[in-house]
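Listed here are the chains, written in short residue letters.
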Amino acid sequence: MYQRRRAAPDGNEAGSGPRRLRRARTAAPTPGGARGGAAPLRGGRHTAVKRMFVAPDPGRLRLRTSLRAVIGVGLAVAVAELCGLSLTASITGGLAALLALFTVTDASVPAQRVTTALLPAAGFPVLALATTLHGLDVVRDAAFIAVVFCGVYARRWGPRGHALGIFAFMNFFITQFLHAVPAQLPELYGAVALALAAAGAVRFVLWPIERRTPPAAAPAALPGTGLARPTTRQAFQAAAACAAALAVGQLLSEDRWYWAVGTAWWIFVNTASRGETLVRGFRRVLGTVVGIVVGLLVAVPLQGAAVPTAALVAVCVFGIFYTAPVSYSWMMLAVTVMAGLLYGLLGVLDAGLLVLRLSETAVGAVCASLAVVLVLPVTTHATNDAWIQRALRCVHVCTAEAAARLAGSTTADPTPHAVELELLLGRVRLSLAPLVHPLSPYRGRKARARRVLALLDACAQEVRGLVSVASDPDAGHDARLAAACWRVESAVEALSAPGPDRTDMPLYRRTPKSAPSPAAAPPALVHVHGLERLLTELGEPLRTSPRSPLVGS
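Fair warning: this is a prediction, and the values are worked out from it, not measured in the lab.

Along the backbone of the protein there are 20 helices and 0 strands. The buried share of the protein, taken over its 553 residues, is 55%. Within the protein, residue pairs in contact and separated by at least 24 positions form 80% of the contacts whose partners lie at least 6 positions apart. Accessible surface, the protein as shown: approximately 22,400 Å² in total, 64% of it carbon and sulfur.

This part covers the environment of Leu286. Its place among the elements puts Leu286 in helix 12 (residues 274-302). It is 9.5 Å that separates the C-alpha atoms of Leu286 and Tyr328, two residues lying 42 residues apart in sequence.

Before going further, it helps to examine the nonpolar core. Ranked by size, the top nonpolar core spans 98 residues in total, and within it Phe169, Phe177 and Trp265 carry the most contacts. Looking at this core, the element that brings in the most residues is helix 7 (residues 158-178), giving 12 residues. Sequence-distant contacts of Trp265, that is, excluding residues within four places in its chain, are made with Val148, Gly151, Val152, Arg155, Gly165, Ile166, Phe169 and Cys242. Ranked by size, the runner-up nonpolar core spans 46 residues in total, among them Leu392, Leu455, Val467 and Val528.

Further remarks concern the environment of Ala240. Along the chain, the position of Ala240 falls in helix 10 (residues 230-252). Considering only alpha carbons, one finds Ala240 and Cys367, 127 residues apart in sequence, at a separation of 8.3 Å.

Another aspect to go through is the packing of aromatic side chains. What describes a pair of aromatic rings is the distance from one ring centre to the other and the angle between the planes of the rings. With the rule as written, the count across this model stands at 19 aromatic pairs. Plain terms: the ring middles of Phe173 and Trp259 are 5.4 Å apart, the flat faces sit at 70° to each other, and that makes the pair edge-to-face. Residue Phe173 is found in helix 7, and its partner Trp259 is found in helix 11 (residues 258-267); the two are separated by 86 residues along the sequence. Aromatic side chains Phe177 and Trp259 sit 5.9 Å apart centroid to centroid with 85° between the ring planes, which places their arrangement in the edge-to-face category.

What follows concerns the packing of helix 14 (residues 328-346) against helix 15 (residues 351-374). Axes are the key here: two packed helices are described by the angle between their axes and the distance separating the axes. Viewed as axis vectors pointing N to C, helix 14 and helix 15 meet at an angle of 140°, and their least axial separation amounts to 11 Å. The angle between helix 14 and helix 15 falls in the class oblique. The crossing of helix 14 and helix 15 is right-handed. Contacts from Met332, Val335, Thr336, Gly340 and Tyr343 in helix 14 reach Leu353, Leu354 and Arg357 in helix 15. Looking at the contact of helix 14 with helix 15 residue by residue, the classes come out as 5 nonpolar, 2 polar and 1 charged.

The next point concerns helix 15. Between its terminal C-alpha atoms helix 15 stretches 35 Å, which fits the 34 Å expected from 24 residues at 1.5 Å a residue. Capping the start of helix 15 is the job of one residue whose side-chain oxygen sits 3.0 Å from the backbone nitrogen of Gly352: Asp350. With its phi angle positive at about 45°, Leu376 sits one or two positions after the end of helix 15.

Two elements in contact, helix 4 (residues 87-103) and helix 8 (residues 185-206), have axes whose closest approach is 8 Å; the angle formed by their N-to-C orientations is 35°. Both helix 4 and helix 8 take part in a crossing whose hand is right-handed. Contacts between helix 4 and helix 8 involve Thr88, Ala89, Thr92, Gly93, Ala96, Ala97, Ala100 and Leu101 from the former and Glu187, Leu188, Ala191, Val192, Ala195, Leu196, Ala199 and Arg203 from the latter. In the contact of helix 4 with helix 8, the residues fall into 11 nonpolar, 3 polar and 2 charged.

What counts, and where the lines are drawn
Starting from 1, residues in each chain are numbered consecutively following that chain's sequence as written. Per-residue local features of the predicted model are confined to residues with pLDDT of at least 70, and side-chain atom pairs are confined, for both listing and counting, to 80 or more; whole-chain, interface and lining totals are unaffected and use all residues. Calculated side-chain values reflect all of the structure's heavy atoms, with hydrogen atoms and water omitted. Secondary structure is summarised from DSSP: a helix means a run of H or I of at least four residues, a strand means a run of E of at least two, and numbering begins at the N terminus for each. Only protein chains enter the accessibility calculation, which uses a 1.4 Å probe. A residue is then buried if its area is under 20% of the maximum for its type, exposed if over 50%, and partly exposed in between. Only heavy atoms matter for contacts: two residues are in contact if any of them lie within 4.5 Å across the pair. Only the protein chains shown count as cover for residues, and all accessible areas are computed by the Shrake-Rupley method using a 1.4 Å probe. To qualify as a nonpolar core, a set must consist of buried Ala, Val, Leu, Ile, Met, Phe, Trp, Tyr and Cys residues joined through side-chain atoms within 4.5 Å. Only rings of Phe, Tyr and Trp enter the pairing, Trp through its six-membered ring, and a pair is recorded when the two centres are within 6.5 Å. The plane angle decides the type: under 30 degrees is stacked, over 60 is edge-to-face, the rest tilted. Only the stretch in contact is used when fitting a helix axis, every axis being a line fitted to C-alpha atoms; angles between N-to-C directions are given from 0 to 180 degrees. In what follows, roughly perpendicular refers to angles from 65 to 115 degrees, roughly parallel to angles under 35, roughly antiparallel to angles over 145, and oblique to any angle outside these ranges. A crossing counts as left-handed when the near helix is turned anticlockwise from the far one by less than a right angle, and as right-handed when that turn is clockwise. Put simply, Ala, Val, Leu, Ile, Met, Phe, Trp, Tyr, Cys and Pro go in the nonpolar bin, Asp, Glu, Lys and Arg in the charged bin, and everything else, Gly too, in the polar bin. By definition here, a helix of n residues has an expected span of 1.5 Å times n minus one. Pairs of N or O atoms are called polar contacts if they sit within 3.5 Å, as long as, within protein, a hydrogen donor faces a hydrogen acceptor (for residues adjacent in sequence, only side-chain-to-side-chain pairs).

Listed below in structure tokens is the structure:
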């Protein structure tokens, strides 16, 4: 007799489905702290601290990736030092290695190798441009904004364009951070080349984690052409935000203005709507505030002492990679402390500098918030609805593939679609984050959004159980399964149909009022009936009357 598996202590279902499907519970890394989505929100009651320590890490993938990053960055810096390069070059190389390990998130290992090899093509011209324009303030500023626009626009070409755009931006940024001049360009080229080689050796040769744990492909971006494409709109928004941040940041400091630009840039990474951008800006400021407090207690007293500073930088690198999938604020804390430690190595760290960094961060966050509201805004409600509809369609495809597999089809395979569903749910959580945020004033919508997340998580659990049954070669087929799968399709169509209240769609009347008990039906049918019930319940929180949208447009 089939029995539902009990949840294991780490939050995963013990023995519930193919190994590949369980691995999908941990999202792949993405720049700036969105490695495919945050940990599941349990009714919105988990704080960032709790998510940090209780977020599932199947196969210790986050832990292993973080340790590998420390080794890769450490090796890159060590090689630069052994080659006799300057401190400026060593820091540049360390950042290049960190970016190569952090931003390259292609869906296959060969594609990751290609993207890593292409990073110099994006970084070297920008390094040359930034160092050449040193001292030519007006031209330098215009070039920086152009790099911002092109870097964001490149995201339309998927993970590779995303990684190359970030690498180009950060090469311009690091020259401002280190005040690099043209005479240092050959040394910087050498440091970046050595760092990328070291990072590639660690990632693809010494510790090839992705060979046994294939990276999950990020969900395809929302469709659109011209200004209807979200990435195109974001390119204009980011350029406007960075231009405003640059102007105001220079009023605060002629030497450290780039922190405001960097803040505005990173707030736009892995966001798709104005609500997501506003929440990300808040979290960045929060993480920076806490990071400055920690920096005052840790980095300032060290005053650049080499050995303890290097050890703490390694801890920060680990923290960046380990916390990025679950908490952007925690990641920003690690970034801020690392920046303070690097300033200590450069001999310019003091309490006033950390306070200035907070001011510049606030400027960048405010400029990004204004730009996302005023410049070609992408409404939160439309984005939420699009991602939820994609997740629902994926539920239907998983169900149909599982039913076909149980009916004897040798080509049907629900597992890839179940993996895609996990990734789509991560994107739904990110999209709904503005509404379930503790500071959201819309209590009714917050409760409905939490209900949607809980029901979608329950749908994913039923899908995992269904896929587990379908993967069993001894599982039998039940004639009632086809009819139940048709009702699931009808429920998804009802939820996708336009109208003021999707629960009024007549297709819902075809759903049974109660599913048969496990003793009266085979396991697959039990899971499908569970999906029918959950999809029916989703109708109420997903209704979209003009007066009460799930998220205000």
